[in-house]
Amino acid sequence: MIKLEVRKNAYYDSVTLMLISKDIKKLEGVEEALVGMGTELNREIARNIGLETPGFEDVTANDFFVAVKCKDEDVFKSAAARVEELLSRKEESRCAAYYPSTLDGALKIEPDINMAVISVPGKFAAEVAQSCLEKDINVMLFSDNVSVSEEKALKEFAAERGLLMMGPDCGTAIINNVPLAFANVVKSGDIGMVCASGTGAQEVSCVIDRLGAGISQLIGTGGRDLKPEIGGVMMKTGLDALAADPKTKVIVLVSKPPSEEVAAKILMRAGSAGKPVVVCFIGGDPGIIKSFGLHAAVSLEDAAYKAVALSKGSKPDDFLGFTMGLEKAQALAKEEAFGMAGGQRYVRGLFTGGTLCDEAMKLLIGDLKHIYSNIPLKIEDKIENAKSCKGVCHTFLDFGDDEFTVGRPHPMIDPSLRAERVILEGNDPTVAVIMADCVIGYGSHENPAEELSNAIRAAKTNAAKAGRYLSVVASVCGTEDDPQCLSASRLQLANAGAVVLPSNAQAARFVKLILDNLK
Amino acid sequence: MSKVNELFGKKLAIVNFGIESFYRDLSRQNQSAVHVDWKPAAGGNKAAAEMLRKLREPSIAKKIDAANKEALKRILAAKPVLIGLSTAGEAIPGMTKTTVLHAGPPVTWERMCGPVRGAVMGGLVYEGLAKDIAEAEELAASGKITFDPCHHHNTVGPMAGVVTYSMPVWHIVNKTFGNDAFCTLNEGLGKVLRFGACDEGVYSRLRWMKNVLYPVLKEAMQIKGEIDLKVMIAQALQMGDEVHNRNKAATSLFIREIFPAVMKCSRSDEDKIAALEFINGNDHTFLNLSMPAAKCTMDPVFDIPYSTVLATMSRNGTDFGIRVAGLGPDKWFTAPAEIVDGLYFPGYSDKDANPDLGDSCITETAGIGGFCMAASPAIVQFVGGKVQDAIRYSTEMYEITVGEGNAYKIPALNFRGSATAVDILRVVETGIRPIINTGIAHKDYGVGQVGAGIVRPPLNCFLQALYECSNRWA
């Protein structure tokens, strides 16, 4: 049978129609097909290929027609439906140079969006996050300066919908092995993490990677999640998800010590996860953690060691030493202290990662008693105007703190302020050691080790000219697969004369060994 | 299984707002990611952002959404057809012998810009209401002349848009809704009334158009019956026109359609040849058809309460004015017209330019013109850009429209329908203003066109409209 469908005054361009004709001819049960405008030429072609049928005489050049020679009515119906489908197909034009301005625009380009990374200015961040959650899109909110009430509302809304609401102030996450914002390229594995701290999460995940294990998911919560006002909403969601995740065998929780009330709630939940849980409340009381039947970590590195041990089914021991062994470390520390001048007594810690700064201070405070800082452990050690004043005695600075980041990027992106400070503090004749971190991975500066190395060289040269030996102790937070590469970064720092330790915790302990030599 | 655990099993597709390097990192890893060129809602205008927020509350948003879908439906369903020619006095409702219609929102004689004043005076002389320009100026200021926007009379006019009683007009009907639209015949380029020229050359051309061109075309259209302008515009878009600043293909298509009917009509061969030569010699002949086609496409959206779809954009050379579907045809939102960013003819610069002028941006309002710039690479060169710019302009418009065209398709965007039905809320939200291709008139009457370029309406028009929507509905 020959069937004809005519649409009066509908225009489509001939190339499109030729392609459609070709497509329709391939359908089962179709012998011949022509889809076209009713031009003289097309009508002649139709006649020539045997599609002439009553009704054709009224078709004009402004009309669109579908003529099909086919087995039966049903075949024609499906052919007509296919024509409609092909005509109305929306060809999204992906133009590399074009960035949409709105979420709706982005969804037109990629309708399956399921994760939003948001780093807009804080006062607008909650609104953007909310609009994503409303479309069932999980959120990683990097922005800070979001109010506690906004955070609470966002997290509660997300929890109701079963979505991730990571942040505000969440810098690190690895979801489905994709590093988001500041994160490292770690191996895929069976250790799941929920972290209230960005660089803390990076340090633990990188050490896990170096120990040969891997990460299933790394969920960020933002630094305030465990404050009583928020109550750990996101950490609970993350814990539950990892508990239910078949790929996760061991769970690691990382946070600064929370309030007792929130800690109890979280630890209770962790205790019933049905999987081994390592908890690193940086500098917190291990007793409470153990009382819930969980594994307490003494440092970020230790958390990684314990998680890897548990993942391998072995017994987790506290890791308090040096990868190179204590004896070798002691010898090396002695060597570092050897050429120092009489007045050199103090350490200056200069950090781009806030949690690494905090951890180092906590590991050293027992020996040093007072560490002056813009993020002090004791309120009386608080430094005001950290940006403009010089360090005194033992001083540790977090360059990621608000004072340093007003109007400029985070030091992990732009480490130049910290590099300048390495030179400045190195000139202080009372300084024996400079401790520094170097965080690589996605999000970070393309080669932070280079910037730091140059500063180290300059500082060491200045000290030598003044008859001093300046020791620099550093660690690199990263992996071999990071774009900047762990070993390449370490090598640059070592070549500049820094002692490079495998972790922040070991670097802190090594600083203590040097200072012990100066007593 | 919780949604988070579902996510663990899926491929991540990421949207990035803010720091662009996060997006670049994801792209480097071949992750599916889209970067949003984010700007604060309403450009950080807190009052506007608050109004938007209220209008986005589900109870109101639902109504607005449904109304805008209805507006889009009507725009897409429009079927503009040229049915013939008439004179303004015979055909345009409310037209009197002392009425002068002009482009744009309402404006008094005192506030009219140079080219519009020139065209008004020229029109009065042409009608025989004044014997010369001096008398025309006096008459125009006397209060005896009724000035009114073309838009209030189912009419549109390019540039000054001056329409007087005896001028011939195209008569277009939107067959789906039965509404009319009218537009004068295009005079060509150079010293012409629509750019404010008013001298003997202009009058004699207008008289020739009335006495020779009009009778030929009128009779030819009686023989031809009607011409479907939607189909013709759709074809012209595939042939390199955007039917606002470039009408070469559409004019050619039109001549092809009308030619046999012209040959058949009863006028003298001399007149027929002169008429055909005139329209053939003027690439903008079709502009005066694409404009009323767009006009009658847009007018049916006015009685849709809650619709925030842009129904009119128009300029009188002093003010830029917009109207909004749900706020009715009587409510204009105006702000001072801006200087066009464009390419100037040799010897002229933006110092010579009159602020933005004319009803022709009705084409953009209907989703053609600048919105189809990607279909018209030749135009991009004219306005000093690259083909990629044209694609970007057209693509950007999808951010602020409710939908996409069903007939007007853009080859360079893989035949994607052009961005159609601008939502004023999205304009304020994104800060993306509609893109308009336009000609530039000299600020003094009588000089004519001095360039062409790209312009966008003042955001202030949209802010006022938002305020009104918020007042009425939120």
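No experiment lies behind these values; they were computed from the predicted model shown.

As a further point, take the packing of aromatic side chains. Within a pair of aromatic rings, the relevant descriptors are the distance that separates the centres and the angle that separates the planes. Residue and element names in this part refer to chain B. Evaluation of the coordinates by the stated rule reveals 13 aromatic pairs over all chains. Between Trp-170 and Phe-254, the ring centres sit 5.5 Å apart and the planes meet at 85°, which makes this aromatic pair edge-to-face. You can see Trp-170 sitting in strand β6 (residues 168–174) and its partner Phe-254 sitting in helix α10 (residues 248–264), a full 84 residues away along the chain. Assigned by exposure class, Trp-170 and Phe-254 land together as buried. One Lys or Arg, Arg-392, reaches over the ring of Tyr-393 and ends 5.6 Å from the middle of that ring.

With that settled, consider the domain arrangement of chain A. The domain boundaries assigned to chain A delineate domain 1 (2–88), domain 2 (93–169), domain 3 (179–316) and domain 4 (326–518). For domain 1 of chain A and domain 4 of chain A, the distance between their C-alpha centres works out to 76 Å.

Moving on: the environment of A:Asp285. All names here are of chain A. Tracing the sequence through the fold places Asp-285 in the loop between β12 (277–281) and α10 (286–291). When its relative accessible area of 47% is taken as the criterion, Asp-285 is described as partly exposed. In this structure the C-alpha to C-alpha distance between Asp-285 and Ala-153, which are 132 residues apart in sequence, comes to 31 Å. One polar contact links the side chain of Asp-285 to the main-chain amide nitrogen of Gly-287, over a distance of 2.8 Å.

Moving on to the interface of chain A and chain B. Listed as interface residues are 61 residues of chain A and, on the opposing side, 55 residues of chain B. Surface buried jointly by chain A and chain B totals about 5200 Å² across both partners, of which 61% is contributed by carbon and sulfur atoms. Taken as a group, A:Tyr11, A:Tyr98 and A:Tyr99 account for 13% of the area that chain A buries against chain B, more than any other trio of residues on that side. Along the contact surface separating chain A from chain B lie 1 salt bridge. At the level of elements, α4 (103–109), β4 (115–118), α5 (122–134), β8 (178–181), β10 (215–220) and α8 (233–244) of chain A are the ones that each hand at least two residues to the side of chain A that touches chain B. No other element matches the 5 residues that α4(A) contributes to the side of chain A that touches chain B. Taken together, the residues that form the side of chain A that touches chain B break down as 34 nonpolar, 15 polar and 12 charged. Bridge analysis of β4(A) against strand β1 (residues 13–17) of chain B gives 4 bridges, and the strand direction is parallel. The partner of A:Ala116 across the bridge, within β1(B), is B:Val15.

Rules of the game
Residues numbered from 1 in each chain as written. Chains lettered and ligands numbered in written order. Predicted model: local features only at pLDDT ≥ 70, side-chain atom pairs only at ≥ 80, totals over all residues. Heavy atoms only, no water. Phe/Tyr/Trp six-rings, centres within 6.5 Å; stacked < 30°, edge-to-face > 60°. Helix = DSSP H or I, 4+ residues; strand = E, 2+ residues; numbered from the N terminus. Buried < 20%, exposed > 50% of the residue type's maximum accessible area, 1.4 Å probe, protein only. Lys NZ or Arg CZ within 6 Å of the ring centre and 35° of its normal. Domains from an automatic or database assignment. Polar contact = N/O pair within 3.5 Å; in protein donor to acceptor, adjacent residues only side chain to side chain. Contact = heavy atoms within 4.5 Å. Buried area = accessible area lost by both parts, 1.4 Å probe. Salt bridge = Lys/Arg side-chain N within 4 Å of Asp/Glu carboxyl O. Nonpolar A, V, L, I, M, F, W, Y, C, P; charged D, E, K, R; others polar. Pairing = 2+ DSSP bridges.

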